[in-house]
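The lines below spell out each chain.
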Amino acid sequence: MRTHSCGELRPEHAGTTVSLAGWVATRREHGEKLAFVDLRDHTGVTQCVVDNSVDVRPEFVVRVTGTVAARPAENVNDKLPTGGIELQDCVVEILNAAEPPPFPISERADTVAENTRLQYRYLDIRRERMQRNLRIRSAVNSAIRRAMEDQGFVEVETPMLVPSTPEGAREFIVPSRQQPGSFYALPQSPQLFKQLLMVAGIDRYYQIARCLRDEDLRADRQYEFMQLDAEMSFASQDDVHAAIGAAVLAAAQAVGQDPGDIVKITWHEAMNRFGIDKPDLRFGMELQELTDVFASTEFKAFAGAVCIKGINASGKADEYGRNKLDQMTDKAKKMGAKGLVWLKVAADGSFESPVAKFLSADETAALTARLDAKPGDLLLIVADQWTTACEVLGTLRNDIGRPPVHQGPYRYLWVVDFPLFVGVDEASGRPKPGHHPFTQPHPDDVHLLETDPLQVRSQAYDLVLNGWELGSGSIRIHQPDLQARIFGLLGISQEEADRRFGFFLNPFKYGAPPHGGFAFGIDRLVAILAGEENIREVIAFPKTQSGQDPMTNAPTPVDAKQLDELGIRVLPPKA
RNA sequence: GGUCCCGUGGUGAAGUUGGAGUUCACGCCGGCCUGUCAAGCCGGAGGUCGCGGGUUCGAGUCCCGUCGGGACCGCCA
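Residues numbered from 1 in each chain as written. Chains lettered and ligands numbered in written order. Predicted model: local features only at pLDDT ≥ 70, side-chain atom pairs only at ≥ 80, totals over all residues. Heavy atoms only, no water.

This brings us to the overall build of chain A. Secondary structure assignment for chain A yields 13 helices and 22 strands. C-alpha extents for chain A along the principal axes are approximately 90 × 75 × 60 Å. Classification of the 575 residues of chain A by burial places 47% in the buried group. Across chain A, the fraction of contacts at a sequence separation of at least 24, relative to all contacts at a separation of at least 6, is 67%. In the structure as shown, chain A presents an accessible area of about 28200 Å², 50% of it carried by carbon and sulfur atoms. Here chain A holds 63 positive side-chain charges and 79 negative ones, and the gap between their average locations is 3 Å. (Helix = DSSP H or I, 4+ residues; strand = E, 2+ residues; numbered from the N terminus. Buried < 20%, exposed > 50% of the residue type's maximum accessible area, 1.4 Å probe, protein only. Contact = heavy atoms within 4.5 Å. Areas by Shrake-Rupley, 256 points an atom, 1.4 Å probe, with all protein chains shown as cover. Lys, Arg positive; Asp, Glu negative; His and termini not counted. Charge placed at Lys NZ, Arg CZ, Asp CG, Glu CD.)

Following this line, the structure appears as structure tokens:
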């Protein structure tokens, strides 16, 4: 049907007769005998010189047969890769007519309401931007597959209809026809199955897996999303990081990027330096320790504080007026801080601040040195519990300094040694698992499990890119006695564990190898690699924030007959 | 569950302290035009200002509600 694509002809093809097929991009009329038609496919655009009597309009599907001609120098279009040639003596065959599209099939549609783009997604995808994004996604997927296969990982598909488990995210539920009143759940992740594959001797498992979570949607979250899911037997944390790192490297290289070295820092260091467990390393403004500076201060807000930390928003003094500083203070208080101290550095190096008069000369000098304060800088200080001080300043650091996620450079890092438990459940007084209850504690901290559980580090880790959490993983518990200890701490009895996790835990009695794994979000990775801020831009048919699809109108009511068969009755809407 | 922003011909935008007949660009339709390339020129059609209620002599504009979209908080072991 076609001999070439619309993006490949060059002056060296001059003289050959070719056939192109595609969509009419634009038409430029020049009188009775002459018109230019730009023919478009996913590879590009080629100008065809046609007789003006040919009645084709934008988005008509046509086949054009003609002769490639080099354009004279004055007619070359430098903006097009094919701008050195055009098709002459064209025979145009209309394969399908088309109504005018609701929005232009070009970069001009970037400003069209997203709802409209989603309603006509098949036209939106016809655009260069979406073509590019989906092709990047495909290249990333295949590069990841190749990298995993090369490392001896075996792709195993796991079921979509799985039992409901009460932990974690809210699940999508699927009614059973043969067992009315019983339900399947759609998997939040293949977590349980992949660990059983380790018991089963698969040794290295991976899957580009669809996961489903019924939680509110965001720029980086859809109900359905794809993960590179992997699990390894007889592997250390470092083994897992190396394997996943190779997949990330392959993905980046597939789009012509170099991820550089993946830095590794502990969770404690991340909190201490950046105030967040997914630090964005593209900018400085690190948290500085100030507790010692104010060890014997007269300033009441700082005196006796467990932890005092500060950041220097360099050069931001003028940008942040009283109003913005008040908003920042409110935010700090909402996050649990007792307050926020700000100081602006004046031209002579002195501090402009409501609290400047409470600081001694020594303290002022030490503060200036510690934060490397220069005229025009804005200093922000929080005195509180360590966690609060870090988190508040980490949030302000991101608010003030963080560039859009897709803006290079790309700074990948592993965050390791997450705490095994995060805080205490108010109702039960029990510690809450940070990752999931099957996470292996750090070997050096196991002895603290019963005495000081909140100090126990885990063998859990996150992969972070430019402040976005790409994914997380852990070394799992494979010893039933250790698992029982953890359940004991969580207040889960043997009976309850059997009931809730029995099908998962019983297999571990039959020879479970030490194992660990990881999963990262492909949508997020592809979005960043494609330079998009929103994962919907790299998903062919995404849902809106309210979980609807403007193209298919899903979700929709179903027939009473269908509900009947499933033994389901729908309650009337709440008044 | 909450906070904030948005909704005006097919598309994107403008519309002042509430005041005459909503404005502009692109697109669309018709005409002219032999070298354009987002062609150009002339003419034309196209609107429930998301929807409902209220205030007012008068509402695109103000108020309340509602629907839809987006960003974020909660949530996402």
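From this point, the discussion proceeds with the structure in view.
Moving on, we come to the packing of helix α3 (residues 128–150) against helix α12 (residues 522–529). Following both chains from N to C, one finds α3 and α12 inclined at 125°, their axes separated by 10 Å at the closest point. Accordingly, the angle class assigned to the pair α3 and α12 is oblique. Judged by the twist between their axes, the crossing of α3 over α12 is right-handed. For the pair α3 and α12, the contacting residues are N133, I136, R137, V140, N141 and I144 in the first and I522, D523, V526 and L529 in the second. (Axes fitted to C-alpha atoms, helices over the stretch in contact; angles between N-to-C directions. Parallel < 35°, antiparallel > 145°, perpendicular 65-115°, else oblique. Left-handed = near helix turned anticlockwise from the far one by under 90°.)

This part covers helix α7 (residues 322–334). Given a rise of 1.5 Å per residue, 13 residues ought to cover 18 Å, and the 18 Å separating the end C-alpha atoms of α7 matches this to within 8%. Among the residues making up α7, those that are buried are L325, M328, T329 and A332. Taken around the axis of α7, the buried residues stretch over an arc of 100°, which confines them to a single face. Turned more than 90 degrees from where α7 packs its buried face, N323 and K334 sit exposed. Here the buried face of α7 lies against β14 (341–345), β16 (378–384) and α9 (386–401). Immediately beyond the C-terminal end of α7, within one or two residues, lies G336, with a positive phi of roughly 105°. (Expected span 1.5 Å × (residues − 1). Arc of directions from axis to C-beta.)

Turning our eyes to something else, we now look at the environment of Y206. Mapping Y206 onto the fold places it in strand β9 (residues 204–212). Taking C-alpha positions, Y206 is 23 Å from S164, a pair spaced 42 residues apart along the chain. Contact partners of Y206, with chain neighbours within four places excluded, come to R145, M148, E149, F153, V154, E155, V156, L228, D229 and A230.

Let's shift gears to a nonpolar patch on the surface. On the surface, a nonpolar cluster with roughly 260 Å² of combined accessible area is contributed by M160, L161 and Y184. Here L161 is to be found in the loop between β6 (154–155) and β7 (173–175). (Patch = residues over 30% accessible without salt bridge, like charges linked within 9 Å, V, L, I, M, F, W, Y side chains within 5 Å. Salt bridge = Lys/Arg side-chain N within 4 Å of Asp/Glu carboxyl O.)

Moving on, we get to the nonpolar core. Grouped together as the largest cluster of nonpolar side chains are 42 residues, with contacts concentrated most on I144, L228, I244, Y412 and F520. It is helix α5 (residues 237–254) that contributes the most residues to this core, seven residues altogether. In this view, L228 contacts I144, M148, Y206, Q207, I208, I244, A247, F518, A519, F520 and I522; residues no more than four positions away in its chain are not counted. In terms of nonpolar packing, the next biggest core, distinct from the first, is built from 34 residues, L287, L325, V382 and L393 among them. (Core = buried A, V, L, I, M, F, W, Y, C linked by side-chain atoms within 4.5 Å.)

It is possible for side chains bearing opposite charge to pair when their charged atoms get close. Overall, the coordinates contain 41 salt bridges when judged by the stated rule. Close ionic contact of D124 with R121 constitutes a salt bridge, the shortest N to O distance being 2.6 Å. Within this pair, D124 and its partner R121 are both found in helix α2 (residues 121–124), separated by three residues, close to a single helical turn. On the basis of relative accessibility, which here comes to 0%, the residue D124 falls in the buried class. Salt-bridge contacts for R210 lead to E224; the nearest nitrogen and oxygen are separated by 3.1 Å. Of this pair, R210 sits in strand β9 while E224 is found in strand β10 (residues 224–233), placing the two residues 14 residues apart along the sequence. Exposure remark for R210: the relative accessible area of 40% places this residue in the partly exposed category. Three or more residues joined by partner-sharing salt bridges are found here, namely D110, R117, R121, D124, R127, R129, E532 and E537.

The next subject is the state of the cysteines. Tallied over the entire structure, the rule returns zero disulfides. The thiol of C307 is unpaired, and the distance to the nearest cysteine sulfur, on C390, comes to 5.4 Å. Assessed through its relative accessible area of 3%, C307 is described here as buried. In this structure C390 comes out as buried when scored by relative accessible area, which is 0%. (Disulfide = S-S within 2.5 Å.)

E29, R57, E86, R108 and H435 are the nearest of the 45 residues found near RNA strand B. By atom count, sugar and phosphate contribute 51% of the portion of RNA strand B lying within 4 Å of the protein. A219 is positioned with one of its backbone polar atoms (N or O) 3.4 Å from a phosphate oxygen of RNA strand B. When contributions to the surface near RNA strand B are tallied by element, the ones reaching two or more residues are β1 (17–29), β2 (35–41) and α1 (114–119). (Near = heavy atom within 4 Å. Polar contact = N/O pair within 3.5 Å; in protein donor to acceptor, adjacent residues only side chain to side chain.)

Once that is clear, we can look at unusual backbone geometry. With an omega of 0°, the peptide bond running from A554 to P555 counts as cis. In this structure, D203 takes a positive phi of about 75° despite not being glycine. Tracing the backbone through its elements, the reader meets D203 in the loop between α4 (191–199) and β9. One non-glycine residue, N553, adopts positive backbone phi at about 70°. With respect to the helices and strands, N553 occurs in the loop between α12 and α13 (560–566).

What the rule picks out here adds up to 15 aromatic pairs. An angle of 90° between the planes, with centres 6.4 Å apart, marks the rings of F438 and F487 as edge-to-face. Within this pair, whereas F438 is found in the loop between β19 (431–433) and β20 (460–465), its partner F487 is found in helix α10 (residues 480–490), the two being separated by 49 residues in sequence. When its relative accessible area of 4% is taken as the criterion, F487 is described as buried. Every member of this aromatic cluster is reached through a ring pair, and the members are F438, F487, F501, F504 and F508. (Phe/Tyr/Trp six-rings, centres within 6.5 Å; stacked < 30°, edge-to-face > 60°.)

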